[in-house]
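Listed below, chain by chain, are the residues.
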Amino acid sequence: MKIDSPRITSFQPPARTLMGPGPSDVSSRVLAAMARPTIGHLDPTFVGMMDELKSLLRYAFQTDNELTFPVSAPGSVGMETCFVNLVSPGDKVVVCINGVFGQRMAENVRRCGGVPVIVEDPWGAPVDPAKVEEAFAANPDAALFAFVHAETSTGALSDAATLAAIARRYGALTIMDCVTSLGGVPVLLDEWGIDAAYSGSQKCLSCTPGLSPVSFSAAAVERIRARKTPCPSWFQDLGLVLGYWSGAKRTYHHTAPVNPLFGLHESLVMLAEEGLENAWIRHHNNHLRLRAGLEGMGLKFVVREDARLPQLNTVWVPEGVDEAAVRGRLLNEFGIEIGAGLGALAGRVWRIGLMGHSSRPANIVLFLAALESVLRS
């Protein structure tokens, strides 16, 4: 039996303004970097670029951690990399849930054979340090503590410094999800005492999806090396990955995504050129512009102001408004993508992103005018 060749031509994506929970708009500089000639993943010049990438990521994470590199997969695999390496069967892990991604952390603990101790807060609220203190007081033998710094499903920002300090008092290592926070608000791994952190390339770093920057403290590396059982994932086993991302003579582990790494390198160069503090200020100032316009239309935020992410603005859908129809019109008539609610907030909220290259006054003006037009009609 012969199968005829399909009559399919080159794919041409439509031009969009990405103002959802990710991915964000990608700069032409990053796209151009990804179009550069592909070279081998063990090529000496590529190895040099890898070292630069690690240095740039240390700057973004504000850490001296030697084990800082991008996992060759999206943020969800960065999350799994932290858990499969640090959680052993029987380990007790205090896990904070105040949205979808805290739930995923707890599921990772279970799948690693650990025992999650759940600390729950309402969706839209930050993690309550008092509840974390209570959980550790009741479970002083907990080896690890996990929380989401910037909960993408709600737009809530938790106090990482205070939470990590509690874990440290009880001798537990801290795992932090900073997928939506890295590059948009302060992420200070060394100052806060975070032992393992993971992020994503497509949010405030404004690269294409598919890479997950991670960083591990010396204490985390020591724990990984002292494991009594093998890491349950071959691909994510840091004992193996270390030979590829460190050392003068790189050993083959997997074929790295060469051109996407070119893109991440360029996006981090752009972040360094702007300066971290300036990037944080830009995201904050653009949030204020967006907030003024949204509140001027009578829209209300889900998250209280002191715990609100400037780069991910979640607002309640007005009564009587078809939230999916509004998103559809914004996309089809204006080329603007915003996000729907997840989990408990599905059908009730819009998530409006101002991340990385998308965080520009021109985008805010365009979006506010389009939203007002759609709501009025």
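In this text, all values refer to a predicted model and were calculated from it rather than measured experimentally.

Asks: I tried to follow the overall build of the chain on my own but got confused; where do I start?
Replies: Counting its secondary structure elements, the chain contains 13 helices and 14 strands. Here the chain has a C-alpha radius of gyration of 21 Å; the compact-globule value for 377 residues is 21 Å, and the two agree. Taken along its principal axes, the extent of the C-alpha atoms in the chain is 65 × 60 × 55 Å. Considering the chain as a whole, with its 377 residues, one finds that 55% of them fall into the buried category. Split by element, the accessible area of the chain, about 16,000 Å² in all, is 55% carbon and sulfur. The centroid of the 33 positive side-chain charges in the chain is displaced by 4 Å from the centroid of its 37 negative side-chain charges.

Asks: I'm lost on empty space enclosed by the protein in this one. Help?
Replies: One simple way to see leftover space: roll a probe sized like a water molecule over the atoms. Taken as a whole and judged by the stated rule, the model has one cavity of 30 Å³ or more. Of the pockets and cavities examined, the largest cavity occupies roughly 70 Å³. Together, Phe69, Val71, Ser72, Thr81, Phe235, Gln236, Leu238, Val241, Trp245, His253 and His254 line the largest cavity. Among the elements of the structure, β2 (67-71) and α9 (238-245) are those that each provide at least two residues to the lining of the largest cavity. Of the residues forming the lining of the largest cavity, the biggest block, three residues, is contributed by α9. Its residues assigned to classes, the lining of the largest cavity shows six nonpolar, five polar and no charged.

Asks: Got a minute to help me understand the sheet that holds strand β14 (residues 349-353) in this structure?
Replies: For sheets, the rule is that strands pair by backbone hydrogen bonds, running either parallel or antiparallel. With antiparallel pairing, three strands are arranged side by side in an open sheet as β11-β14-β13. Strand pairing shows two members of the sheet lacking a second neighbour, β11 (312-316) and β13 (339-340), which therefore form its edges. Alignment of β13 against β14, held across two bridges, turns out to be antiparallel. Within β14, the residue paired with Gly339 across the bridge is Arg351.

Asks: What is the right way to read the nonpolar core from this model?
Replies: Among soluble globular proteins, nonpolar side chains are generally buried collectively. With 88 residues, the main nonpolar core has Phe83 and Phe216 as its most contacted residues. Looking at which element gives the most residues to this core, the answer is helix α2 (residues 44-61), with nine residues. Excluding its chain neighbours within four sequence positions, the residues that come into contact with Phe83 are Met105, Asn108, Val109, Cys112, Ala146 and Ile175. Counting residues in hydrophobic clusters, the runner-up holds 20 residues, among them Leu330, Ile336, Trp350 and Ala370.

Asks: Explain helix α8 (residues 218-225) to me, please; I cannot follow it from the model alone.
Replies: Given 3.6 residues to a turn, an α-helix orients residues that are three or four positions apart in the same direction. All buried positions along α8 are accounted for by Ala220, Val221 and Ile224. Within α8, the buried residues cover an arc of 100° as seen down the axis, which keeps them to one side. Exposed and facing more than 90 degrees away from the buried side of α8 are Ala218, Glu222 and Arg225.

Asks: Is there a simple way to think about the packing of aromatic side chains in this case?
Replies: Two aromatic rings, taken as a pair, are described by how far apart their centres are and by the angle between their planes. For the structure on display, the rule yields four aromatic pairs. Ring geometry for Phe145 versus Phe147: centroids 5.4 Å apart, planes at 20°, classification stacked. With respect to class, Phe145 is no different from Phe147; both count as buried. Here a set of aromatic residues connected by ring pairs shows up, and it is made of Phe136, Phe145, Phe147 and Tyr170.

Asks: When you look at the packing of helix α3 (residues 75-86) against helix α4 (residues 100-111) in this model, what are you seeing that I'm missing?
Replies: Between two packed helices, both the angle of their axes relative to each other and the distance between the axes serve to describe the pair. Interhelical geometry of α3 versus α4 gives an angle of 45° and a closest axis separation of 10 Å. In terms of orientation, α3 lies oblique with respect to α4. As α3 runs across α4, the sense of the crossing is right-handed. Only Arg104, Met105, Asn108 and Val109 of α4 make contact with α3, whose side of the interface consists of Ser76, Met79, Glu80 and Phe83. In terms of residue class, the contact of α3 with α4 is made up of four nonpolar, two polar and two charged.

Asks: Help me understand helix α5 (residues 129-138), please; the structure alone is not making it clear to me.
Replies: Turning to α5, its buried residues number three or more, namely Val132, Ala135 and Phe136. End-on view of α5: buried residues confined to an arc of 95°, all on one side of the axis. For α5, the exposed residues lying more than 90 degrees away from the buried face are Glu134 and Ala138. The secondary structure elements touched by the buried residues of α5 are β3 (92-97), β4 (115-120), β5 (144-148) and α6 (160-169).

Asks: Would you mind going over the packing of helix α11 (residues 276-296) against helix α13 (residues 361-376) with me for this structure?
Replies: Running from N to C, α11 and α13 point in directions that differ by 15°, and their axes come no closer than 10 Å. If you check the angle between α11 and α13, you find them roughly parallel. Between α11 and α13 lies a crossing of right-handed hand. In this structure, α11 contributes Asn286, Arg289, Leu290, Gly293 and Leu294 to the contact, and α13 contributes Pro361, Ile364, Phe367, Leu368 and Leu371. Along the lines of polarity and charge, the residues of the contact of α11 with α13 split into seven nonpolar, two polar and one charged.

Asks: Where do I start with the layout of surface pockets in this structure?
Replies: Its volume calculated, the largest pocket comes out at about 260 Å³. Taken together, 16 residues form the lining of the largest pocket, with Ser76, Phe101, Val179, Gln202 and Lys203 sitting closest to its centre. Residue assignment for the lining of the largest pocket shows that the elements contributing at least two residues are α3 and α4. In terms of residue count, α3 provides more of the lining of the largest pocket than any other element does, three residues in total. Considering only residue class, the lining of the largest pocket consists of seven nonpolar, five polar and four charged. If you add up the space inside the second largest pocket, you get close to 210 Å³. If you trace the second largest pocket, you find 15 residues lining it, with Met270, Glu274, Arg282, Gly356 and His357 closest to the centre.

What counts, and at which threshold
Residues numbered from 1 in each chain as written. Predicted model: local features only at pLDDT ≥ 70, side-chain atom pairs only at ≥ 80, totals over all residues. Heavy atoms only, no water. Helix = DSSP H or I, 4+ residues; strand = E, 2+ residues; numbered from the N terminus. Rg over C-alpha atoms; globule rule 2.2 N^0.38 Å. Buried < 20%, exposed > 50% of the residue type's maximum accessible area, 1.4 Å probe, protein only. Areas by Shrake-Rupley, 256 points an atom, 1.4 Å probe, with all protein chains shown as cover. Lys, Arg positive; Asp, Glu negative; His and termini not counted. Charge placed at Lys NZ, Arg CZ, Asp CG, Glu CD. 1 Å grid on protein atoms, 1.4 Å probe; cavity = no way out; pocket = protein on both sides within 12 Å on 5 of 7 lines; lining within 4 Å. Points joined across faces, edges and corners; volume = space filled by probe spheres on them. Nonpolar A, V, L, I, M, F, W, Y, C, P; charged D, E, K, R; others polar. Pairing = 2+ DSSP bridges. Core = buried A, V, L, I, M, F, W, Y, C linked by side-chain atoms within 4.5 Å. Contact = heavy atoms within 4.5 Å. Arc of directions from axis to C-beta. Phe/Tyr/Trp six-rings, centres within 6.5 Å; stacked < 30°, edge-to-face > 60°. Axes fitted to C-alpha atoms, helices over the stretch in contact; angles between N-to-C directions. Parallel < 35°, antiparallel > 145°, perpendicular 65-115°, else oblique. Left-handed = near helix turned anticlockwise from the far one by under 90°.

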